[in-house]
Amino acid sequence: MKLNVSNLNKTYQTATDDLQILKNINFTLNEGEWLTILGPSGSGKTTLLQCIAGLLPADEGSVIQYDEFQISDAKDQELQAFRRHQLGFIYQDYKLFDQFHAELNVMLPLVPYQNQDALKSRAQELLEKVHLGDRRHHYPAQLSGGEKQRLAIARALINEPSLLICDEPTGNLDQSNRDQIMDILKELKADGTSVILVTHDRDLMDTGEHTLNLR
Ligand SMILES: Nc1ncnc2c1ncn2[C@@H]1O[C@H](COP(=O)(O)OP(=O)(O)OP(=O)(O)O)[C@@H](O)[C@H]1O
């Protein structure tokens, strides 16, 4: 799946004024490629990811297109189905469900849509992949920061996404956990998944084909 972003603008309307955060963003990401997005705090990195994922509407005239699918033309239901089939999203603060154990957290996005036994075995495979096979019945509160982030990655992979969107997945982690997460992401790319990674970390900026600097 190829992603084409052109003339992407995003303005927030606040009580006092209009705040233009993203101005004329353009890039293309071919299938299986990796884009690193850098920029200081407040430069609009999370806003950009949310627009790309269709979680936030971009300004009129912005083009965000996956192959033939233009997300600004899509109805809510089409967009939800598209996200469910094609996208994985990893949040900086994990967004795990504290009341469910690891395996169920991974299964949850597809629980209403797929056979439970098949989902459960896929969740187990994914937990093995992120080295949490022995933690599948642990609750988020019983996991370390690095383990929670790996769990969030496993959950984002339950639908075998074509594109994995990662919002500072290593931001809160030490070097060894950071390396572990990066290894998992690189392995996914090697298997053909496209990756968009937001990071503050300049050490990570050489990973992948493309870099976008927000100012
Ligand atoms: N809903 C909103 N309404 C108004 N302004 C907003 C809204 N959401 C974000 N902003 C502003 O938009 C700017 C960009 O925010 P964003 O979260 O995209 O930045 P970021 O680069 O991801 O920052 P960080 O690295 O700190 O996470 C900030 O100045 C923020 O205050």
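Up top is the structure these notes are about.
A brief look at the structure comes next. (Residues numbered from 1 in each chain as written. Predicted model: local features only at pLDDT ≥ 70, side-chain atom pairs only at ≥ 80, totals over all residues. Heavy atoms only, no water.)

Things to note about the state of the cysteines
One pass over the structure, following the stated rule, counts zero disulfides. With no disulfide of its own, Cys51 lies closest to Cys166 among cysteine sulfurs, the gap being 17 Å. With a relative accessible area of 0%, Cys51 lands in the buried category. Classification of Cys166 by relative accessible area gives buried; the value is 0%. (Disulfide = S-S within 2.5 Å. Buried < 20%, exposed > 50% of the residue type's maximum accessible area, 1.4 Å probe, protein only.)

Focus: the nonpolar core
Counting residues in hydrophobic clusters, the biggest one holds 33 residues, and the most contacted among them are Val106, Leu151, Ile153, Leu164 and Leu185. Elements with a minimum of two residues in this core: helix H3 (102-107), helix H4 (116-129), helix H5 (145-156), strand S7 (163-167), helix H6 (175-190) and strand S8 (194-198). Sequence-distant contacts of Leu164, that is, excluding residues within four places in its chain, are made with Gly88, Ile90, Ala156, Leu157, Leu185, Leu188, Thr193, Ser194, Val195 and Ile196. By size, the runner-up hydrophobic cluster in this structure holds 29 residues, among which are Met1, Phe27, Leu48 and Leu49. (Core = buried A, V, L, I, M, F, W, Y, C linked by side-chain atoms within 4.5 Å. Helix = DSSP H or I, 4+ residues; strand = E, 2+ residues; numbered from the N terminus. Contact = heavy atoms within 4.5 Å.)

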